[in-house]
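So the chains spell out like this:
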Amino acid sequence: MWYAIEGYDRSGTLAARMAARPEHIARLHALRDAGRLLLAGPCPAIDAEDPGPAGFTGSIVIAEFEALDAARAWAEADPYVAAGVYERVEIRPFRPVLP
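This report concerns the structure included in the present document. (Residues numbered from 1 in each chain as written. Predicted model: local features only at pLDDT ≥ 70, side-chain atom pairs only at ≥ 80, totals over all residues. Heavy atoms only, no water.)

1. Structural notes on helix α2 (residues 68-76)
The cut-off we apply is this: Only protein chains enter the accessibility calculation, which uses a 1.4 Å probe; a residue whose area is less than 20% of its type maximum is buried, one above 50% is exposed, and one in between is partly exposed. Runs of H or I in DSSP of at least four residues are treated as helices and runs of E of at least two as strands, each being numbered from the N terminus. By arc we mean the arc of the directions from the helix axis to the C-beta atoms, nothing more. The contact definition used throughout considers only heavy atoms, calling two residues in contact when any of these lie within 4.5 Å.
Residues of α2 that are buried: A71, W74 and A75. Take α2 and look down its axis: the buried residues cluster within an arc of 95 degrees, on one side only. When the buried face of α2 is taken as reference, the exposed residues oriented beyond 90 degrees from it are D69 and E76. Tucked into the core, α2 has its buried residues touching β1 (2-9), α1 (14-33), β3 (56-64), α3 (79-82) and β4 (86-94).

Here it is, written out as structure tokens:
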């Protein structure tokens, strides 16, 4: 089953986000390499490809897991969670339809 994982950044955590980013990306690469990643990316805080010091409001990951509990466990182990970047994480089942 596919799951949408949405992390919402705390205010003022851009430096912590950037420090934890290499480990965060490595986990996404592992999902991709296993054929379990549909998409992933950050949500800029402003309408710009590179928000600069404005930073990000969060991230979205859509990936395949055996069950909701497995998706939760994966999300809870995210380096952004450990670094205090996210104030909350929401996980929901997702059903791809298009394209």
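2. Looking at the side chain of E6
Condition: The definition of a polar contact used here is a pair of N or O atoms within 3.5 Å, where within protein one atom must be able to donate a hydrogen and the other to accept one, and adjacent residues in sequence count solely through side-chain atom pairs.
You can see E6 is positioned in strand β1. There is a polar contact of 3.4 Å between the side chain of E6 and the side chain of Y8. Every residue in contact with E6, bar those within four places of it in the chain, is listed here: S59, I60, R88, V89, E90 and R92.

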